[in-house]
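# Structural characterization, general
Next come the chains, spelled out residue by residue.
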Amino acid sequence: MSLEDGRFVIALAGNPNSGKTTLFNQLTGMNQHVGNFPGVTVEKVEAELSGAAEYMPKRAAERITLVDLPGIYSLSPYSQEEIVARDYIIREKPDAILNIVDVMNVERGLYLSIQLMQLETPMVIALNMMDELRANHGSADVAILSQKLGVPVIPIAASKKEGIGELLETLLRTAIEGERPKITDFCTGAVHRAIHALSHLIEDHATAASLPVKFVSTKLLETDSVLLDRLEVTPLERHTLDELVENMEDETGTDRKAAIADMRYAFIGDAVAAGIEKPHTTLHQDRSARIDRLLTNKYLGIPVFFGVMAVIFWLTFSVIGSALSGALGYLFSVAGSAATAVMTEAGVNSLVRSFVSNAVFAGVGSVVSFIPMIIVMFFFMSLLEDSGYMARVAFIMDKLLRKLGLSGRSIIPMILGFGCTVPAIMSTRTLTSERDRRITILLTPFMSCTAKLPIYGAFVAVLFAQWRGLIVLSLYVLGILIAVIAGVVMNRFVFRGNPVPFIMELPTYRMPNLRTVGLLLWNRTKDFLQRAFTVIFVATIIIWFLQSFDARLNPAAQESGSMLAAIGGFIAPFFSPLGFGTGIAATAILSGFIAKETVISSLAVLTGVPTVMALETVLPTIFTPLTAYSFLVFCLLYTPCVAAISVVSREMGHWTAGLVMVIRQTAIAWAVTFAIYQIGLLIFSA
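The structure presented is a predicted model; accordingly, all values stated were derived computationally and were not measured.

Parameters and conventions
- Residues numbered from 1 in each chain as written.
- Predicted model: local features only at pLDDT ≥ 70, side-chain atom pairs only at ≥ 80, totals over all residues.
- Heavy atoms only, no water.
- Pairing = 2+ DSSP bridges.
- Helix = DSSP H or I, 4+ residues; strand = E, 2+ residues; numbered from the N terminus.
- Axes fitted to C-alpha atoms, helices over the stretch in contact; angles between N-to-C directions.
- Contact = heavy atoms within 4.5 Å.
- Buried < 20%, exposed > 50% of the residue type's maximum accessible area, 1.4 Å probe, protein only.
- Patch = residues over 30% accessible without salt bridge, like charges linked within 9 Å, V, L, I, M, F, W, Y side chains within 5 Å.
- Areas by Shrake-Rupley, 256 points an atom, 1.4 Å probe, with all protein chains shown as cover.
- Salt bridge = Lys/Arg side-chain N within 4 Å of Asp/Glu carboxyl O.
- Lys, Arg positive; Asp, Glu negative; His and termini not counted.
- Charge placed at Lys NZ, Arg CZ, Asp CG, Glu CD.
- Phe/Tyr/Trp six-rings, centres within 6.5 Å; stacked < 30°, edge-to-face > 60°.
- Lys NZ or Arg CZ within 6 Å of the ring centre and 35° of its normal.
- 1 Å grid on protein atoms, 1.4 Å probe; cavity = no way out; pocket = protein on both sides within 12 Å on 5 of 7 lines; lining within 4 Å.
- Points joined across faces, edges and corners; volume = space filled by probe spheres on them.
- Nonpolar A, V, L, I, M, F, W, Y, C, P; charged D, E, K, R; others polar.

On to the sheet that holds strand β2 (residues 45–48). The strand order across the open sheet built from six strands is β2-β3-β1-β4-β5-β7, with neighbouring strands paired in mixed fashion. For this open sheet the edge positions go to β2 and β7 (153–155), each flanked by a neighbour on one side alone. Within this sheet the neighbouring strands show an average axis-to-axis angle of 25 degrees, counted without direction. Note: β2 against strand β3 (residues 64–68), four bridges, orientation antiparallel. Counterpart to E46 in the pairing with β3 is V67. On the sheet, helix α6 (residues 142–149) packs against β5 (123–128) and β7 and is oriented at approximately 155 degrees with respect to β7.

A large share of strand β4 (residues 96–102) lies buried, amounting to seven of its seven residues. Burial of β4 is two-sided: the residues A96, L98, I100 and D102 facing one way and the residues I97, N99 and V101 facing the other way are all buried. Across five bridges, the pairing between strand β1 (residues 8–14) and β4 is parallel. Bridge assignment links A13 to a residue of β4, and that residue is N99. Bridge count for β4 against β5 is six bridges, and the pairing is parallel.

Together, D242, E243, E246 and D250 give the surface a local cluster of negative charge. The partly exposed category is assigned to D242, whose relative accessible area is 43%.

Positionally, I291 belongs in helix α13 (residues 283–295). For the pair formed by I291 and Y509, sequence separation is 218 residues and the distance between their alpha carbons is 8.6 Å.

To continue, consider the environment of A671. The topology assignment puts A671 in helix α31 (residues 655–685). Its relative accessible area of 40% is what places A671 among the partly exposed residues. It is 9.0 Å that separates the C-alpha atoms of A671 and L578, two residues lying 93 residues apart in sequence.

In this section: unusual backbone geometry. Not every positive phi belongs to a glycine, and E120 is a case in point at roughly 60 degrees. Within the secondary structure layout, E120 lies in the loop between α4 (106–117) and β5. Look at K161: it is not a glycine, yet its phi comes out positive at around 60 degrees. Residue placement: K161 occurs in the loop between β7 and α7 (164–177).

For the rest of this paragraph, the subject is the packing of aromatic side chains. The tally for this structure, following the rule as stated, stands at 13 aromatic pairs. Between F580 and F631, the ring centres sit 5.3 Å apart and the planes meet at 80 degrees, which makes this aromatic pair edge-to-face. One end of the pair, F580, is in the loop between α25 (563–575) and α26 (583–591); the other, F631, is in helix α29 (residues 625–637), and 51 residues separate them in sequence. Between F634 and Y638 the ring centres are 5.0 Å apart and the planes differ by 25 degrees, which places this aromatic pair in the stacked class. Owing to a relative accessible area of 0%, Y638 belongs among the buried residues under this scheme. The side chain of K596 reaches across the aromatic face of Y638, ending 4.4 Å from its centre.

What follows concerns empty space enclosed by the protein. Considering all chains together, one arrives at five cavities of 30 Å³ or more under this definition. When its volume is computed, the second largest cavity comes out at roughly 130 Å³. Lining the second largest cavity we find 15 residues, and of these M397, I411, M414, M447 and I480 sit closest to its centre. In terms of residue count, helix α17 (residues 389–402) provides more of the lining of the second largest cavity than any other element does, four residues in total. Here the residues of the lining of the second largest cavity are counted per class, giving 15 nonpolar, no polar and no charged.

This is how it looks when you write it as structure tokens:
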């Protein structure tokens, strides 16, 4: 078979943090998010090798599809990403597997490799991070490694594009020739006898399921219940399997999983000893160890984390982001005034002028002007992520999360929730426990996503000018605190049980990659702009329409006669005990069900200000500092946006899950805001 005969599909598999997504981006020209902590890729992503045009003819590159699978450590079906990766390779049967292995953590990487080799699919190992190995005076003899492992091994440095040409050439030759791994049997002694005895027992089942018998036998010895059910093994055969396992455990003196792991690591150790000379400790590891004495300190770790976040909020809301947002808001103010003047002079209909002025410039412009704050916030957050610090946050938060019945790994979706709730909830697929996953899904929306930043930014700039960073930090901390309380309640009364053990790699600290940081900023900004000119624009038009027309669809002679006034008057009493029982505030809250950014655009439309800059004059007439803080707390805690609710329903497996979340979070938001407002009244009236 050749490239002219058809298309080739190649699966890209490897451990988290092995450089897998970096290699995917290099080969395809795509801009997938790359992070220096586990859980970045949770679904398979596929693309043509358009980024490999410098290494092969464009026509040939277009015939090759590369599928980026989630980062996994093994083919055991314990987490959603392992299931996604394994099911794809087993069911879709790609033409070849490109297995990327971090040479600085080679034993761990090869543990997955030898499981992939048992699938008997043509395979090439890309030995990544060779530049780091050389920098630390290590070396690798890939010829010996290839001989020991029975598959081609190619040295590369994906981030520097080293070895990519040789890798592609070897990969294509292996795929075209259908060259399968030469070694699929790694066992000796008691494990060897158990696997081979079981192979004879279930060979017909494996053949019927189109699965390699050695792979199936090894996984069944590890108690792979998914495969056991799929193969339809009879009760008598299961009894024989149990006897084989019992004999193996008696002879090895250990349990079945440990015996299989020992067998694999013995094979890996022999190959690594022959082919790789590793430095005892690397410069990166030494540096990381010194930094971790402070950042992961038992007593200082969490205070340092909150200190870092406080500095980020101060820079975002009081220094850099605030100034840039003010400048952009001024540009919208000038543009809006000019557009209104031109339309007035041209005699444009008053409703059209109102639409352009209120819906477009005041509504959408009020949200877009906060883009600088979002960019600044994500710039700093991406620096923390790409440096490897976020993995430390998971480590230091493990003890706290265990009190909620969760493991430290659950902190990753929650941290992602500070960006956007939708991908944060999707990232819970990396959790190995379904119980942990459900609790984390329900807690993640309490985090302050970037959609709430325009609300925070507008209010703190006007009503809390001297305490901007502190007020925003208090909202972030409050969200975390409420999540902690909700987690305790869920763990005790709803999802009883113990968290799974927390095992997570702490990557070495690295200087953030400017391309990676820039890519993340661009993706966030692009996503925000798309929302601003789609969902938020539509919501703003709806608010403007309801404000401009009465129930008979006639232009409202007075604002009090509009449909919006009627809606606001109906729901306003619900918010009166919270301190902001006005129609304007209530309607803005209601619009936030669509997207949180629309709260600010709705306030701009409802108050009739020409731009977001003019909110400075009207917000103090609607809110006092206490009622403004109550308003911010409610916006923090009440139901997430429609997109997030949809994802919750999908991930939880039923549409009612989203409805229950809307009711539950709105009730929690009302109760917490009520308590804060009433306590505030007592304090400030005393």
